[in-house]
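Breakdown of the fold
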Amino acid sequence: MPVLQKYTSPLWGIWKIEESWEQLLHLSERPDEYVPFLNSIQSENRKAEWLAVRVLLERLTGASTTIAYHASGAPYLPGSPYHIGISHTKGYAAVILDPVKPAGIDIEYHSERIRKLQSRFLNETELNLLDKNPETNELLVCWSAKETTFKMTGQKAADWLRDIHITTIEGCRETGFLTVQETLTPQAATYHIRYDTTPDFVITRSQ
């Protein structure tokens, strides 16, 4: 479908993936260039996610832009002033662009599985920032905010408990902000992460 949501400060958007990968290829500006890589992907869903990110980027910028990757796996746009963050989950793709500073975004579909993982990414101090019995949404927001922060560090791997720390959470169930500090890099940067929740997904992004 057309872009589900588009915003300009910073420039970012969400695409709801309702098309087949063949339909998305038809919507793209560079179908011939994409075919060789697509032929190396077995999963139909993976092909659709990969293409949805690129079609969304084209819709956001109004131009055909190549996405390249650093050795760490972090994406970048050769020859472009924009920093880019990308994410996809079941049925959705998201892209964020920032001309000044690193950009990060993460989108997560609702799943109760996050409850089984909470001890792996939230320490006791962080859990005390939440309600005594946190909702699935709250846990997903925290996971997603750490994922967004990790992406902005440009590192290959991280320990969610040791390397990325949520220090504040402000807002309501639907929207708000988290302050997250990373200790993966010498800069030990602190980021303000925006979150929004919907009945279908949670999304976090850099400010």
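Reference entry: report on the structure contained in this document. Please read all numbers here as calculations on a predicted model, not as lab measurements. (Residues numbered from 1 in each chain as written. Predicted model: local features only at pLDDT ≥ 70, side-chain atom pairs only at ≥ 80, totals over all residues. Heavy atoms only, no water.)

**Brief notes about the overall build of the protein chain**
Spelled out, the test is: Helix and strand definitions follow DSSP, with helices as H or I runs of at least four residues and strands as E runs of at least two, each counted in order from the N terminus. Based on C-alpha atoms, the radius of gyration is set beside the globule rule, defined as 2.2 Å times the residue count to the power 0.38. Think of it in three bands: with a 1.4 Å probe and only protein chains considered, a residue is buried below 20% of the maximum accessible area for its type, exposed above 50%, and partly exposed in between. Between two residues, a contact is recorded if the distance between any of their heavy atoms is within 4.5 Å. Note on areas: Shrake-Rupley with a 1.4 Å probe; residue coverage comes only from the protein chains shown. Positive charges are assigned to Lys and Arg, negative charges to Asp and Glu, while His and the chain termini are left out of the count. The location of each charge is read from NZ of Lys, CZ of Arg, CG of Asp or CD of Glu.
For the protein chain, the helix and strand inventory stands at six helices and 11 strands. In summary, the protein chain has a C-alpha radius of gyration of 17 Å against a globular reference of 17 Å for 207 residues, a match within 12%. The principal-axis extents of the C-alpha atoms in the protein chain amount to approximately 50 × 35 × 30 Å. Expressed as a percentage of its 207 residues, the buried residues of the protein chain come to 47%. For the protein chain, contacts bridging at least 24 residues in sequence account for 51% of all contacts bridging at least 6. Accessible area for the protein chain stands at about 10,600 Å²; split by element, carbon and sulfur atoms hold 51% of it. Positive and negative side-chain charges in the protein chain, numbering 21 and 26 respectively, have mean positions lying 2 Å apart.

**Comments concerning the nonpolar core**
Here is the rule we go by: By nonpolar core we mean a set of buried residues, namely Ala, Val, Leu, Ile, Met, Phe, Trp, Tyr and Cys, connected to one another through side-chain atoms within 4.5 Å.
In terms of nonpolar packing, the biggest core is built from 25 residues, with Trp15, Leu38, Leu51, Ile84 and Val95 touching the most fellow members. Within the residue set of this core, elements represented by two or more residues are strand S2 (11–16), helix H1 (21–27), helix H2 (31–38), helix H3 (44–61), strand S5 (83–89) and strand S6 (92–98). No other element matches the nine residues that H3 contributes to this core. If near-sequence neighbours (up to four positions away) are discounted, Leu38 is found in contact with Trp21, Leu25, Lys47, Trp50 and Leu51.

**What to know about the packing of H2 against H3**
As a reminder of what qualifies: Fitting a line to C-alpha atoms yields each axis, with helices limited to the stretch in contact; the angle taken between N-to-C directions then spans 0 to 180 degrees. Here the angle decides the label: under 35 degrees means roughly parallel, over 145 means roughly antiparallel, 65 to 115 means roughly perpendicular, and every other value means oblique. Handedness of a crossing follows from how the near helix is turned relative to the far one, being left-handed for an anticlockwise turn of less than a right angle and right-handed for a clockwise one. Classes in brief: Ala, Val, Leu, Ile, Met, Phe, Trp, Tyr, Cys and Pro nonpolar; Asp, Glu, Lys and Arg charged; the others, Gly included, polar.
Orientation of H2 relative to H3, taken along the N-to-C sense of each, is 155°, at an axis distance of 11 Å. Between H2 and H3, the angle falls in the class roughly antiparallel. Here the hand of the crossing between H2 and H3 comes out right-handed. Here Tyr34, Phe37 and Leu38 of H2 come into contact with H3, specifically with Lys47, Trp50, Leu51, Arg54 and Glu58. Residue composition of the contact of H2 with H3, by class: five nonpolar, no polar and three charged.

**What about the sheet that holds strand S11 (residues 201–206)?**
Inclusion rule: The pairing criterion for strands is at least two bridges between them, as found by DSSP.
If you trace the five strands from one edge of the open sheet to the other, you get S7-S11-S10-S9-S8, paired in antiparallel fashion. Bordering the open sheet on either side are strand S7 (105–109) and strand S8 (164–171), each of which pairs with just one other strand. Averaged over all adjacent pairs, the angle separating strand axes in this sheet is 20°, with direction ignored.

Coordinates in, geometry out; function isn't part of it.
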